[in-house]
Amino acid sequence: MAVTEALPAGTTRAGRGALRERIGGVPGAYDEAPSQGVPWCSTTTDVPADRRGRGRSALVAPRGEGEVMRAWWVDGDARAANGGTGAGGTSALVFGTRPDPAPGPGELLVGVRACGVCRTDLHLVEGDLPAKHPDTVPGHEIVGEVVDTGPGCRLFRVGDRVGVPWLRSTCGTCRFCRRGDENLCLSPRFTGWDDDGGYAELVTVPEAFAYAVPPGFDDEEAAPLLCAGIIGYRALRRSGVRPGGRLGIYGFGASAHLTAQVAMFEGVEVSVMTRSANARRLAADLGAVFVGGAADEPPQPLDAAILFAPAGGLVPAALRALDRGGTLAVAGIYLSDIPVLHYADELFQERRLCSVTANTRADGRELLALAARIPLRPTVQRYPFTAADRALADVAADRVDGAAVLLMAGGPDGA
């Protein structure tokens, strides 16, 4: 990881005083972390009632020329030096300051309070996913407060708590959008890939693609719902498993542990196969009927399975575990190469292999409503905002139980 003080041209360190004012004028809100010399935010995540709903949010004072925010971004040169193969780990992730974004027509400016750390972020940093533009700010599981609105906004007001998801926009006019399959849009844009995401103090989002966050969830609990929850929900529906059926889950991270809860709530028996001992313990605690290693065979044939691990080598084992007519849904945006499949053992008897591509806004609304109804309880490992590199390294090494979440507020341990 490279920690830099990459101030934009013409911006001085004096701009930090304005940043302190923007995040509430709270003493200590832009202190120096003693071990790193890197500033970390120590305000609380809750906004006092007397500072909400008064035009522009009291969290963000009027911005002037040269205002900057803290952010992490993927350094394109460092990624290229690593060969774009993932061999460089998280060393391409850079910490510094960037100019404040401004909301365009129909957009919200959101003050980030929490941002989930998704394996897709890791794929981007390591080079498994191609960069869409230089110096991308990752992060697409964002919970924050609306601090400003662009012209034409009608759905949200300053002070509202909102969620910013992976799907940022669709064209609305292609054949897939017109038939209701906007997840297959020919020209979509994604938060933290096409446009800068939530590893930053501020982010913009078209209000038509933002979600109201249901009450009952803390910021750090709500953040993983916005991708891990939503994509897992779509994968569950793509698998076709019915109440009373048997579902196998391969890999048990942020998305899988939420999907398992939804499946169990709907009366599905869940078996979990994963390489992580900690993840196996979590699966057992959540109520899985069988827990085994990544390629272990479940005790009974499965009606459906979902592959969350980005390991194509698990596809044959998962297909062999299916009963006749079963479906394997592959939930990730990236998958390593799949070995040669043997038709008789792995596809015959109408076994099906399907992918899961992004999500629709309807998926998101359905998942959030269901999450409140169950209610889902994400297992969260908290990190301070300045430790995004450590969070990604822990995700890569399977050291995270459940979901990793960056917090703008809190001490150096993220508590």
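Computed from a prediction, not measured in an experiment: that's the story for all the values here. (Residues numbered from 1 in each chain as written. Predicted model: local features only at pLDDT ≥ 70, side-chain atom pairs only at ≥ 80, totals over all residues. Heavy atoms only, no water.)

Draft legend 1. Expanded view of the nonpolar core. Leu108, Val117 and Tyr199 are the most contacted members of the largest nonpolar core, which totals 52 residues. For this core, the leading source of residues is strand β6 (residues 107–117), giving 6 residues. With near-sequence residues (within four places) excluded, Leu108 lies in contact with Pro103, Val146, Asp148, Thr149, Cys153, Phe156, Val203, Thr204, Val205, Glu207 and Ala210. (Core = buried A, V, L, I, M, F, W, Y, C linked by side-chain atoms within 4.5 Å. Buried < 20%, exposed > 50% of the residue type's maximum accessible area, 1.4 Å probe, protein only. Helix = DSSP H or I, 4+ residues; strand = E, 2+ residues; numbered from the N terminus. Contact = heavy atoms within 4.5 Å.)

Draft legend 2. Broad picture of the sheet that holds strand β18 (residues 352–355). Ordered in space as β15-β14-β13-β16-β17-β18, the 6 strands form an open sheet in which the pairing is parallel. Each edge of the open sheet is held by one strand with a lone partner, namely β15 (290–292) and β18. Each adjacent strand pair in this sheet contributes to an overall mean axis angle of 15°, direction not counted. Bridge count between strand β16 (residues 302–307) and strand β17 (residues 322–330): 5 bridges; the pairing is parallel. Bridge pairing in β17 links Leu307 to Val330. (Pairing = 2+ DSSP bridges. Axes fitted to C-alpha atoms, helices over the stretch in contact; angles between N-to-C directions.)

Draft legend 3. Looking closely at the packing of aromatic side chains. What the rule picks out here adds up to 6 aromatic pairs. With centroids separated by 5.9 Å and ring planes inclined at 65°, the aromatic side chains of Phe95 and Phe385 adopt a geometry described as edge-to-face. Placement of Phe95 in strand β5 (residues 93–99) and of Phe385 in the loop between β19 (380–384) and α12 (388–396) is noted, with a sequence separation of 290 residues between them. A centroid spacing of 5.7 Å and a plane angle of 50° characterise the contact between Tyr343 and Phe348, whose relative ring orientation is tilted. (Phe/Tyr/Trp six-rings, centres within 6.5 Å; stacked < 30°, edge-to-face > 60°.)

Draft legend 4. Up close: the side chain of Thr360. Inspection of the secondary structure puts Thr360 in the loop between β18 and α11 (361–373). The contacts of Thr360, once residues within four sequence positions are left out, are Gly180, Glu182, Asn183, Tyr211 and Arg234.

Draft legend 5. Structural detail: the packing of helix α3 (residues 119–126) against α12. Running from N to C, α3 and α12 cross one another at 100°; their axes reach a closest spacing of 10 Å. Between α3 and α12, the angle is such that the two are roughly perpendicular. Listed contacts from α12 to Arg119, Asp121, Leu122, Val125 and Glu126 of α3 are Leu392, Val395 and Ala396. (Parallel < 35°, antiparallel > 145°, perpendicular 65-115°, else oblique.)

Draft legend 6. Focus on the environment of Ser187. Counting through the fold element by element, Ser187 comes out in the loop between α4 (175–178) and β10 (189–190). The class for Ser187 is partly exposed, based on a relative accessible area of 43%. A sequence separation of 16 residues divides Ser187 from Cys171, and the C-alpha atoms of the two residues are 6.1 Å apart.

Draft legend 7. Here's a closer look at the environment of Val143. Its place among the elements puts Val143 in strand β7 (residues 142–149). For Val143, a relative accessible area of 0% translates into the label buried. Once the C-alpha coordinates of Val143 and Cys115 are considered, the two residues, 28 residues apart in sequence, prove to be 6.3 Å apart.

Draft legend 8. Quick peek at α3. α3 sits mainly inside the fold: 7 of its 8 residues count as buried. All buried positions along α3 are accounted for by Thr120, Asp121, Leu122, His123, Leu124, Val125 and Glu126. Of the residues one or two after α3, Gly127 is the one with positive phi, at around 100°.

Draft legend 9. Quick look at the packing of helix α6 (residues 228–239) against α11. Contact geometry of α6 with α11 gives a least axis separation of 9 Å together with a crossing angle of 100°. Looking at the two axes, α6 sits roughly perpendicular to α11. Packed against α6, whose contacting residues are Gly229, Ile230, Tyr233, Arg234 and Arg237, the element α11 presents Asp363, Gly364, Glu366, Leu367 and Leu370 at the interface. For the contact of α6 with α11, the residue count by class is 4 nonpolar, 2 polar and 4 charged. (Nonpolar A, V, L, I, M, F, W, Y, C, P; charged D, E, K, R; others polar.)

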